[in-house]
Amino acid sequence: MTWNTFIFGNLSWSVFPTNAIAVGGGVFMVVAFVVVLALITYFKWWKSLWNNWLTSVDHKRIGIMYLIVATVMLVRGGADALLLRTQQATSVGASNGILSSNHFQQIFSAHGSIMIFFVAMGFMFGLINLVLPLQIGSRDVAFPFLNNTSFWLFAAGAVLINFSLIVGDFSAAGWLSYPPLSELAYSPTTGVDYWIWSLQIGGIGSLLSGINFLVTIVKKRCQGMTPMKMPMFVWTVLGSMSLVVFAFPILTATLALLWLDRTLGMHFFTAGGGGNMMMYVNLIWAWGHPEVYILVLPAFGIFSEVVAVFSGKKLAGYASMVGSVIAIVCLSWFVWLHHFFTMGAGADVNTFFGIMTAVIAIPTGVKIFNWIFTMYRGRIRFLTPMLWFMGFAVLFTIGGVAGVVLAEPAADYQLHNSLFLVAHFHTMIVSGVLFGYFAGFTYWFPKIFGFTLNERWGRRAFWAWLVGFILAFVPLYILGFMGATRRLDHYSASLGWQPLFIVAGIGTLIIALGFIFQLVQVVVSIRNRKAARDYSGDPWDGRTLEWSIPSPAPVYNFAVLPVVEARDAFWNTKQEGKSRETNFKDIRMPENSALGILIALFVFFFGFGAVWHMWWLASLGLLGSIVTVIARTFAEPEEYVISATEVALTESSLRDPSAAIAL
Amino acid sequence: MTNETLAQFPEEAKNEDSAVVFGFWMYLMGDFILFAGLFATYAVLRNNTFGGPAGSAIFNLPFVLIETLVLLTSSFTCGLSLLAARKGEARRVVGWLIATVVLGLSFAALEISEFTRLVMAGNGPQRSGFLSAYFTLVEVHGLHVLIGCLWVVALIVAISIRGLTRSNMRKLALWSLFWHFLEIVWIFIFVIVYLLGVMYP
Amino acid sequence: MNMNNYFEEIGLWPRDSNNIASRYVLGFVISLLCTLGAYFLVMGHVFSADLLLASVIVIALVQVIVQLEFFLHLGTGLSARARLIAFGVAIFIIGILVAGSLWIMYNLNQRMMPSMEQMEQYMNDQVGF
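Everything numeric here is computed off the predicted structure, so don't read it as measured data.

(A) Here's a closer look at the overall build of chain C. Secondary structure summary: chain C contains 5 helices and 0 strands in total. Counting from the amino terminus, chain C carries its helices and strands in the arrangement α-α-α-α-α. Taken along its principal axes, the extent of the C-alpha atoms in chain C is 75 × 35 × 15 Å. Out of the 129 residues in chain C, the part that is buried amounts to 40%. Considering only intrachain contacts with a sequence separation of at least 6, the fraction spanning at least 24 residues in chain C is 45%. One way to put it: in chain C the 5 positive side-chain charges average out to a point 16 Å from where the 8 negative ones average out.

(B) Seen up close, empty space enclosed by the protein. Within this structure, the stated rule accounts for 5 cavities of 30 Å³ or more. Approximately 60 Å³ is the volume attributed to the largest cavity. Along the walls of the largest cavity sit Trp25(B), Leu28(B), Met29(B), Phe32(B), Phe181(B), Ile184(B), Leu68(C), Leu72(C) and Phe87(C), which together make up its complete lining. Secondary structure elements with two or more residues in the lining of the largest cavity: helix H2 (10-45) and helix H7 (166-199) of chain B.

(C) Representation of the packing of aromatic side chains in the model. Here the structure, examined in full by the defined rule, presents 89 aromatic pairs over all chains. Measuring from centroid to centroid gives 5.9 Å for Phe32(B) and Phe87(C), while their planes differ by 10°, and the two rings are stacked. With Phe32(B) in helix H2 and Phe87(C) in helix H4 (residues 81-112), this residue pair bridges two chains. Measuring from centroid to centroid gives 4.8 Å for Phe59(B) and Tyr194(B), while their planes differ by 65°, and the two rings are edge-to-face. Taken as a pair, Phe59(B) in the loop between helix H3 (55-58) and helix H4 (61-86) and Tyr194(B) in helix H7 lie far apart in primary sequence, 135 residues in all. On the basis of relative accessible area, Phe59(B) is assigned to the buried category, the value being 9%. Owing to a relative accessible area of 3%, Tyr194(B) belongs among the buried residues under this scheme. Three or more aromatic residues link up through ring pairs in this structure, and these residues are Tyr42(B), Phe59(B), Phe107(B), Phe115(B), Phe130(B), Tyr134(B), Phe135(B), Trp186(B) and Tyr194(B). Lying across the ring of Tyr535(A), Arg533(A) places its NZ or CZ 4.4 Å from the centre. Cation over ring: Arg543(A) sits above Trp571(A), and NZ or CZ is 4.3 Å from the ring centre.

(D) A look at the side chain of Gln87(A). All names here are of chain A. When you line up the elements, Gln87 lands in helix H4 (residues 59-90). Relative accessible area serves as the criterion here: at 0%, Gln87 is assigned to the buried category. Apart from residues lying up to four places away in sequence, Gln87 is in contact with Asn96, Gly97, Ile98, Leu99, Phe104 and Asp489.

(E) Quick look at the interface of chain C and chain A. Opposite the 18 residues of chain C that make contact, chain A presents 21 residues. Overall, the association of chain C and chain A removes approximately 1,800 Å² of surface from exposure, summing both partners, and the carbon and sulfur fraction of that is 81%. If you look at where chain C meets chain A, you find 0 salt bridges. Counting every contact that joins chain C to chain A gives 4 residue pairs in polar contact (both at pLDDT 80 or more). A breakdown of the residues in the side of chain C that touches chain A according to their chemical character gives 13 nonpolar, 4 polar and 1 charged.

(F) Summary view of the domain arrangement of chain C. Residues and elements named next belong to chain C. Taken domain by domain, chain C comprises domain 1 (1-73) and domain 2 (77-124). Computed from C-alpha atoms alone, the centre-to-centre distance between domain 1 and domain 2 is 26 Å. Taken together, the 7 residues of domain 1 in the interface contact 4 residues of domain 2. In total, domain 1 and domain 2 occlude about 390 Å² of area from one another, counting both sides; carbon and sulfur atoms represent 47% of this. When the buried area of domain 1 at its contact with domain 2 is split by residue, Gly11, Leu68 and His73 rank highest and sum to 64% of it. One can count 0 salt bridges joining domain 1 with domain 2.

(G) Molecular detail of the interface of chain B and chain C. In this assembly, 53 residues from chain B lie in contact with 51 residues from chain C. Interface of chain B and chain C: buried area, both sides summed, is about 4,600 Å²; carbon and sulfur atoms make up 83% of it. The three residues of chain B that bury the most area against chain C are Trp25(B), Phe76(B) and Arg86(B), which together make up 15% of that side's buried surface. If you look at where chain B meets chain C, you find 2 salt bridges. With its nearest N and O atoms 3.7 Å apart, the salt bridge here joins Glu8(C) to Arg86(B). On the surface where chain B and chain C come into contact, there are 3 residue pairs in polar contact (both at pLDDT 80 or more).

(H) Broad picture of the packing of helix H5 (residues 101-135) of chain A against helix H7 (residues 191-219) of chain A. All names here are of chain A. One way to put it is that H5 packs onto H7 with a least axis distance of 11 Å and a crossing angle of 25°. Viewed along their axes, H5 and H7 adopt a mutual orientation that is roughly parallel. Considering the relative orientation of H5 and H7, their crossing is left-handed. Across from Ser113, Phe117, Phe118, Met121, Phe125, Ile128, Asn129 and Leu132 in H5, the residues of H7 making contact are Trp195, Ser198, Leu199, Ser206, Ser209, Phe213, Thr216 and Ile217. Within the contact of H5 with H7, the residues separate by chemical class into 10 nonpolar, 6 polar and no charged.

(I) Quick peek at the packing of helix H6 (residues 144-166) of chain A against H7(A). Residues and elements named next belong to chain A. It is at 8 Å that the axes of H6 and H7 come closest, and there the two elements cross at 160°. On the basis of their axis angle, the class for H6 and H7 is roughly antiparallel. Read as a crossing pair, H6 and H7 show a hand that is left-handed. Across from Leu146, Asn147, Ser150, Leu153, Phe154, Ala156, Gly157, Leu160, Ile161, Phe163 and Ser164 in H6, the residues of H7 making contact are Tyr194, Trp197, Ser198, Ile201, Gly202, Ile204, Gly205, Leu208, Ser209, Asn212 and Phe213. A breakdown of the residues in the contact of H6 with H7 according to their chemical character gives 13 nonpolar, 9 polar and no charged.

(J) Inspection of the nonpolar core at higher detail. Membership of the largest hydrophobic core comes to 313 residues, with the highest contact counts inside it found for Trp371(A), Phe392(A), Phe435(A), Tyr134(B), Leu172(B), Tyr194(B) and Phe7(C). The element best represented in this core is helix H9 (residues 277-311) of chain A, accounting for 23 residues. Counting contributing residues per domain, this core is built from domain 1 (1-73) and domain 2 (77-124) of chain C, each supplying no fewer than three. The residues touching Phe7(C), leaving out its near neighbours within four places in the chain, are Leu82(B), Ala85(B), Arg86(B), Met169(B), Leu172(B), Ala173(B), Leu12(C) and Trp13(C). By size, the runner-up hydrophobic cluster in this structure holds 6 residues, among which are Ala559(A), Ile587(A), Met589(A) and Val647(A).

(K) Expanded view of the pattern of salt bridges. Residue and element names in this part refer to chain A. Under the criterion given, the structure shown has 18 salt bridges over all chains. We note a salt bridge from Lys574 to Asp538, for which the minimum N-O separation is 2.6 Å. Taken together, the residues span a long stretch of sequence, with Lys574 in helix H17 (residues 569-575) and Asp538 in the loop between helix H16 (498-527) and H17 at a distance of 36 residues. When its relative accessible area of 26% is taken as the criterion, Lys574 is described as partly exposed. In this structure, Glu639 engages Arg588 in a salt bridge whose closest nitrogen and oxygen atoms are separated by 3.1 Å. Taken together, the residues Glu639 in strand E2 (residues 639-642) and Arg588 in strand E1 (residues 587-590) connect sequence positions 51 residues apart. By relative accessible area, Arg588 is classed as partly exposed at 23%.

How each quantity is defined
- Residues numbered from 1 in each chain as written.
- Chains lettered and ligands numbered in written order.
- Predicted model: local features only at pLDDT ≥ 70, side-chain atom pairs only at ≥ 80, totals over all residues.
- Heavy atoms only, no water.
- Helix = DSSP H or I, 4+ residues; strand = E, 2+ residues; numbered from the N terminus.
- Buried < 20%, exposed > 50% of the residue type's maximum accessible area, 1.4 Å probe, protein only.
- Contact = heavy atoms within 4.5 Å.
- Lys, Arg positive; Asp, Glu negative; His and termini not counted.
- Charge placed at Lys NZ, Arg CZ, Asp CG, Glu CD.
- 1 Å grid on protein atoms, 1.4 Å probe; cavity = no way out; pocket = protein on both sides within 12 Å on 5 of 7 lines; lining within 4 Å.
- Points joined across faces, edges and corners; volume = space filled by probe spheres on them.
- Phe/Tyr/Trp six-rings, centres within 6.5 Å; stacked < 30°, edge-to-face > 60°.
- Lys NZ or Arg CZ within 6 Å of the ring centre and 35° of its normal.
- Buried area = accessible area lost by both parts, 1.4 Å probe.
- Salt bridge = Lys/Arg side-chain N within 4 Å of Asp/Glu carboxyl O.
- Polar contact = N/O pair within 3.5 Å; in protein donor to acceptor, adjacent residues only side chain to side chain.
- Nonpolar A, V, L, I, M, F, W, Y, C, P; charged D, E, K, R; others polar.
- Domains from an automatic or database assignment.
- Axes fitted to C-alpha atoms, helices over the stretch in contact; angles between N-to-C directions.
- Parallel < 35°, antiparallel > 145°, perpendicular 65-115°, else oblique.
- Left-handed = near helix turned anticlockwise from the far one by under 90°.
- Core = buried A, V, L, I, M, F, W, Y, C linked by side-chain atoms within 4.5 Å.

Right, here's the structure in full:
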C-alpha cells in the first residue's frame, strides 16, 4: 500500500461529478451552505446558535432542529423527484431525456432513501420531540442528553448522504439496495457504501430516539395519567416507538452484513460462494414493513387530535382506537413477505402473508370510521389542519384499497414493481405520513412559537399539494395497469404512455408550488407574528395538556406539574372552571452539552473513512466516539435552577399582551 | 442530578435511575433482536458450505466448553461484585470486577485463537456463506464481550477513584445487565451453533 | 435513600432480596450442571438423535430461564414487570422473525435454488414442490 492510498483511501480527483445536472446540484448545495454560514457570521449569531440551539438538550429546540434538517432534505428529495418526472416525461422513443441511465438510477435511489430516512423520520422525530412531553405533563423526555446525541447522529447521516452528491457517487441499486446488484462485483463504486453508512448512522440515532420516547411514555407521565387517559397521539407514538426499538436492529444487522460482503469479501448475499441473496430481501423487509407503520402511526395520532379539536367533540371510540393501534403494531410483524410475493415462495407461504396483509387493513379502517364518527354532528372548523385531514381521508382510502388489491398474491404477480405499486405507496406516504405531519406542524406551531400560521397561505399550500398529488399519481395508477414498470428511464413511443407521464410531471410541479406556498406561509407568518400572537396558550380551544401552558412554551414546560383526572385532561379542566396553579417552586433543568455534537462528529469521520477506505480516519472516528462516550459517563451531569419568582414572572408575562415580550 | 442535591430528592433519584435501567433494558431487547437476525441468517446459511468445511469439521467442542465455563464463571463473579456493592465494600467490588474482566478477556483470547487457527487453515469467513455467518455471529458476540470488558475497566477506574456513589452504583447495575445478557446469548450460540452443529453435521 | 437497597429501589433486584446471594450461587451451579450435562450428552452420543435434540433443547431452556430469573431477576415482582413485558414482546417478535424467516427461506430455497437431484426429479416426475 502506498502512502497515498493509506491517507486518501479510494479518494482521487475523479470522484467529483462531471455531468451538468449533478454539478449544478452540488454547486447549489455548497453555495447554499456557504451563504447560510456567511449570514450567521454577518449577524453574529454563532454564540447564540451554539449556546441556545446546537448544544441544547431541550426537547423543543431539538424538535425544531429536526424539522429544519428534514425540510432541507425535503428540498433535495423533491429536486430528485422533479428530475425523475422530467426524465420520464421526455425520454421517449428517439430522445434519451436529460439523464443518463446510471444517473437516473442514482437519483431514484437517493430520492427514496432521503425521503424515508431523513424527511419522514426527521419530521416524525421533530414533531414527537416538540409535543410528547407536553402532552404527558412532563418537563422533558426521559434522557435529554441522549435526545441531543440522537439528533446529531441523524444530522451526521444526512450530511454523509449529502456528501455523496459532491464526492463520489450514490448507490444505483434502489432505496433498499438489493444484492447481488449492491454487492461489490456489480456496484464497485462507493455509492452503496455511502448508502450503508448514512442509513446505519441515522438508524442508530433513530433507535436511540425510539428508546428515549418509549421510556418517556412509560415512565414520565404526570400523576393520574393512566394509560387509558393518554391522548391518542401518545398512544400512537408508543406503538411507533415500540416498533422502532424492535425493528431497527434488523436494519442494523442487515446493513452490516452487506457491508461485510462488500468490504471483507464475505458471502452472505453474494451470487456465488454460498451466499443467499433472497435472505437479504427477507431481512430488509422484516425491518421495512414495520418501518412504514412507524412512520404512519404518529400521523394517525395527529389526525385523532386534530379531528377531535376541530370538530369540537371528543374522539369517537377511544378504546377501539387504542385497540386498533395495538392491533396494527402486532399485525405489522406478520405481513412482510407481501413485499416479495414474486420472489418465488409457494402458494401456502404467499397465501398466509396475503391474508395477514388484508387483515391489517381492518384496524386502519376502524380508525377512519372513528374519525368520521367524531366529525358527525360536530361543529367543524375547516381550518388548515382539518383540510389536511380531509385530503388524507379521501386519498388514503383510495391508496389503501389499492394496497388491498396488491395484497392478493395473484394480482400482485401482475402489479408488483409496476407504477401501480409506486402510486400506492406514494399515496400512503404522502397523504398519510406527510399530510399528517403537515397538519401536526400547523396545529402545534402556535404552541412552540407563540403565534399562529397564516391561514390563507396554508389553504393554498393544501390545495396545491392535493391537486398536485392527484395529477402526479393518478396517471401512475393507470400506467401501472397498462404495464409500465417502475424505475424506467426510457420507453418506446408506441406505448402511448407519454401523455400520462407529462400530466404526472405537471402534477409534480404543482406539488413543488405547494411546498413553496408552505415556505411563503412561514415567512409571512413570521412577519405578521405580532398581530397573530396568541396569548391564551389555547388558540384552537384544545382538549389536551399542551394547551394548558402558555405559548411559546417556556423551557420548563409546566410551572406546576399537572395532576390528571380524566381523558382530555385540559378540556376537563376548562369544563370544571378550575383556576391555574400558582404555588410555584424552584425548577431544576439539565444544562446544555457539546458532547453530543462531538460524538456525532467522530461517528461521521468513521462513516466517511469507512466509505472511502481511509482506515486511519475510520479508526480515529471510532476511537474518538468511544472515548467521548466514556468521558460523558465520568462527567456528572450539570443542572441549573429556575427560581420560583422567575417561573411566576415567565408565566404571567407570556400571557400578558402588555408585557410585549419580543418573539 | 449531582450527588449533593440527591440527598434532598431521593424519590426523584429513584425514578430517574429506574427509568435509566428500563431504558437500558429496552436497548438490550433491541440487541436481542439484532442477534436474532444473525441467528436467522446463520440458520439459513448453515448448509451453504460451498465445498468448504461444515461446522462439525471445524468446531473444537472441548475448547468451546472451556470458553463457555469461563464466561459462565465471569457471570457469577459479576453477581458477586453486585453483592459486595450492596454491602458497600468498594474494594471487594473492584476485586470481583477485576476477576470478571480477566475471565472476559480470557474468553475473548480463546475465541481469537480459535479464529486465527481457522483463518490460517484457509477456513476464514470469506470461504463460504456458512463460514461468513458463523464468524459474524460469534464475533459480534465477542465484540460485545470486549466492549463489556472496556466498560468494566472504566467502572473499576470510576469506583477506585470515587467509591460507590449513586452514579457508580447505577453504572454497575447497567453493566451487570449487559454482562448477564451476553452470557444468555452465548448459551444460544453454544447450543444452536456448536452442539447442534456437531449433532447434525 | 441509602446504598444498601439501591438495587431494589431502582428495580434491578426484587424487593425481598434476603436470599439473593444464595440465588446467585444456585443459579451458577444449575447453569454449570446444565452446560456440562448438555455437553456430555452430545459428546457421548448417549441418546438417539431425536431424544438428544429434545433433551439438549430442554436443558438449554432450563439454563436460560434459570439465568433470566437468578441473574437478571426477571421473574418475580412488580419492579421487574415492565422489563418482563418488554422481554415477552421481544420473544414474541423474535419467534415470528426466526420462524417466519426459516419457513420463508426454506420454501424459497426449495423452489428457487433446487439441487441437481431435485431438478432432475422435478423434470422426470413433473411433480411440483
